[in-house]
Each structure stands twice: as C-alpha cells, then as structure tokens.
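Geometric and topological summary
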Amino acid sequence: TGGIARIVATESGSILGATIVGPSASVALQELVLSIQTGVSMNELAATIHPYPTILSGIRGLNNQFQADKLDSGLVRGALKWIYGYRPRSSGTGERT
C-alpha cells in the first residue's frame, strides 16, 4: 500500500523498464531487473507463482493489466466490435471511441 508501479513493455511482452516507488520497492525491482537481464517476458513473469500478500503480488497485478490492455486493442477489439457492437473503455475524457 502507498506507492506506484509501472512496467514499460513492447506489444510482444518484452520488458523494457520499470518504475516502482514506495515502501520495499527494491524487493519488487529485483524481480524486474532479473527479468530484463534474462529476457523473461511479461507472459512468463505472469506465469510465475507470487506469494500473497506481499510486494511481489503487485507484479502479478501489473501483468494482469498488461494482458487486459492487449485484449482491449487490435484484433480482439475489432472482432468484438464486429460481432457484438463492442465499444472500448472510455479514454477518461468522457468521450467514447
């Protein structure tokens, strides 16, 4: 509790960098630095078992958000729009795209 975390990754899931600010941030950064150095992708990192509740369980949450964002764009969005008339999440401006 009481911090922020951000992972920057490519569309394919390759981790480019991360920012974590808060208590015990160094614990979570260790896992991300090791992932970057060894070429572990977001998908592989998400498949890792993370103890709960710990700082590292937040890494799992970031991976889940990455996967959700991937599903909300591209081919999946187009297919859902075509089949069901799906509208994507709003951009925060009150307008829907």
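In the block above lies the structure referred to throughout.
Residues numbered from 1 in each chain as written. Predicted model: local features only at pLDDT ≥ 70, side-chain atom pairs only at ≥ 80, totals over all residues. Heavy atoms only, no water.

Some remarks on the overall build of the protein
The following threshold applies: Every helix listed is a DSSP run of H or I at least four residues long, and every strand listed is a run of E at least two residues long, numbered separately from the N terminus. Exposure classes here rest on a 1.4 Å probe applied to the protein chains alone. A residue is buried below 20% of its type maximum, exposed above 50%, and partly exposed in between. Should any heavy atoms of two residues lie within 4.5 Å, those residues are counted as being in contact.
Scanning the protein from terminus to terminus reveals 4 helices and 2 strands. The helix and strand sequence of the protein, counted from the amino end, reads β-β-α-α-α-α. Across the 97 residues that make up the protein, the buried fraction comes to 22%. Restricting the contact set of the protein to residue pairs at least 6 apart, pairs at least 24 apart contribute 32%.

Regarding the nonpolar core
We apply this condition: In these notes, a set of buried Ala, Val, Leu, Ile, Met, Phe, Trp, Tyr and Cys residues joined through side-chain atoms within 4.5 Å is what counts as a nonpolar core.
Among the nonpolar cores identified, the biggest contains 10 residues, and these are Ile7, Ile15, Ile20, Ala25, Ala28, Leu32, Met42, Leu45, Ile59 and Phe66. Contributing elements (two or more residues each) for this core: strand S2 (15-21), helix H1 (25-38), helix H2 (42-46) and helix H3 (57-71). In terms of residues, this core owes the most to one element, H1, which gives 3 residues. Those residues in contact with phenylalanine 66, other than ones at most four positions away along the chain, are Ala9, Thr10, Glu11, Gly13 and Met42.

Side note on the environment of serine 41
Following the sequence through the fold, serine 41 ends up in the loop between H1 and H2. Assessed through its relative accessible area of 16%, serine 41 is described here as buried. A sequence separation of 22 residues divides serine 41 from asparagine 63, and the C-alpha atoms of the two residues are 9.9 Å apart. Those residues in contact with serine 41 that sit more than four places away from it in its chain are Gly13 and Ile15.

Description of H1
Going by this rule: A helix is expected to span 1.5 Å multiplied by its residue count minus one. Each direction from the helix axis to a C-beta atom contributes to the arc, which is the arc of those directions.
Here H1 is 14 residues long and its end C-alpha atoms lie 20 Å apart, about the 20 Å a rise of 1.5 Å per residue gives. For H1, the full list of buried residues reads Ala25, Ala28, Glu31, Leu32 and Ser35. Considered in projection along H1, the buried side chains sweep an arc of 135° and stay on one side of the axis. Away from the buried face of H1 by more than 90 degrees, exposed residues Gln30, Leu34, Gln37 and Thr38 are located. Phi turns positive one or two residues past the end of H1, at glycine 39, with a value near 80°.

Focus: the pairing of strand S1 (residues 4-9)
What counts here: At least two bridges found by DSSP between two strands is the condition for calling them paired.
Pairing analysis gives 6 bridges linking S1 to S2, with the strands arranged antiparallel. Bridge pairing in S2 places arginine 6 opposite threonine 19.

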